[in-house]
Amino acid sequence: MAEEDLVEVKFRLFDGSDIGPNKYSPATSISSLKEIIVNTWPQDKNNAPKTINDIKLINAGKILENNKTLAESRVPVGELPGGVITMHVVVRPPIPDKPNEKLLG
């Protein structure tokens, strides 16, 4: 695949830090991107996702679906040619092990 066909994406975490940017094929699925995030999550960050189902990826205000590709999920309005696309990562809070256990906030 030609270098110019690749899409440059970075993932913005809850604290404003980023994973990436890295280049991906437009045929890359959203679930594959989520696997990359789970596997490259910074060790010093709390609230690390355990599976891809713990993550929501948001681009231009849209929650991206796992079964779609990067090409299908892109919002071309406002993107600059050769620019980096920033996708926001939202991690689902951990679910308590016991039904009566409450999360401390």
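Our subject is the structure listed above.
Let me sum up the structure you'll find in this document. (Residues numbered from 1 in each chain as written. Predicted model: local features only at pLDDT ≥ 70, side-chain atom pairs only at ≥ 80, totals over all residues. Heavy atoms only, no water.)

A few words on the pairing of strand S5 (residues 85–91). Here S5 shows one buried face, formed by Ile-85, Met-87, Val-89 and Val-91, and one open face, formed by Thr-86, His-88 and Val-90. Pairing geometry for strand S1 (residues 7–12) and S5, over four bridges, is parallel. Counted as the bridge partner of Lys-10 is Thr-86 from S5. Where strand S3 (residues 55–59) and S5 come together, four bridges link them in antiparallel fashion. Each residue of the ladder has a partner; that of Ile-58, found in S5, is His-88. (Buried < 20%, exposed > 50% of the residue type's maximum accessible area, 1.4 Å probe, protein only. Helix = DSSP H or I, 4+ residues; strand = E, 2+ residues; numbered from the N terminus. Pairing = 2+ DSSP bridges.)

Our next topic: the environment of Phe-11. Along the chain, Phe-11 turns up in strand S1. The buried category is assigned to Phe-11, whose relative accessible area is 0%. As a C-alpha pair, Phe-11 and Thr-86 span 75 residues in sequence and 5.8 Å in three-dimensional space. If we ignore the near neighbours within four places in the chain, the residues touching Phe-11 are Ser-17, Asp-18, Ile-19, Tyr-24, Leu-33, Ile-37, Leu-57, Met-87 and Val-89. (Contact = heavy atoms within 4.5 Å.)

The next point concerns helix H1 (residues 30–40). Those residues of H1 not exposed but buried are Ile-30, Ser-31, Leu-33, Lys-34 and Ile-37. Along the axis of H1, the buried residues cluster in a sector spanning 155°; they form a single face. Looking at the buried residues of H1, the elements they touch are S1, strand S2 (18–24), S3, helix H2 (70–73) and S5. (Arc of directions from axis to C-beta.)

By size, the foremost hydrophobic cluster in this structure holds 18 residues, and its most contacted members are Val-9, Phe-11, Ile-37, Leu-57, Met-87 and Val-89. Those elements giving two or more residues to this core turn out to be S1, S2, H1, S3 and S5. Top element by residues in this core is S5. It accounts for four residues. In this view, Ile-37 contacts Phe-11, Ile-19, Ile-55, Leu-57 and Val-89; residues no more than four positions away in its chain are not counted. (Core = buried A, V, L, I, M, F, W, Y, C linked by side-chain atoms within 4.5 Å.)

This paragraph deals with the pattern of salt bridges. Oppositely charged side chains may form a pair once their charged atoms are brought near each other. Taken as a whole, this structure holds three salt bridges when the rule is applied. One salt bridge connects Arg-12 with Asp-18, and the closest N-O pair in it is separated by 2.4 Å. Taking the relative accessible area as the measure of exposure, Asp-18 reaches 31% and is therefore partly exposed. Residues Lys-45 and Asp-15 are paired through a salt bridge, measuring 2.8 Å at the closest nitrogen-oxygen approach. One end of the pair, Lys-45, is in the loop between H1 and S3; the other, Asp-15, is in the loop between S1 and S2, and 30 residues separate them in sequence. For Asp-15, a relative accessible area of 40% translates into the label partly exposed. Through salt bridges that share partners, Lys-10, Arg-12 and Asp-18 make up one connected network. (Salt bridge = Lys/Arg side-chain N within 4 Å of Asp/Glu carboxyl O.)

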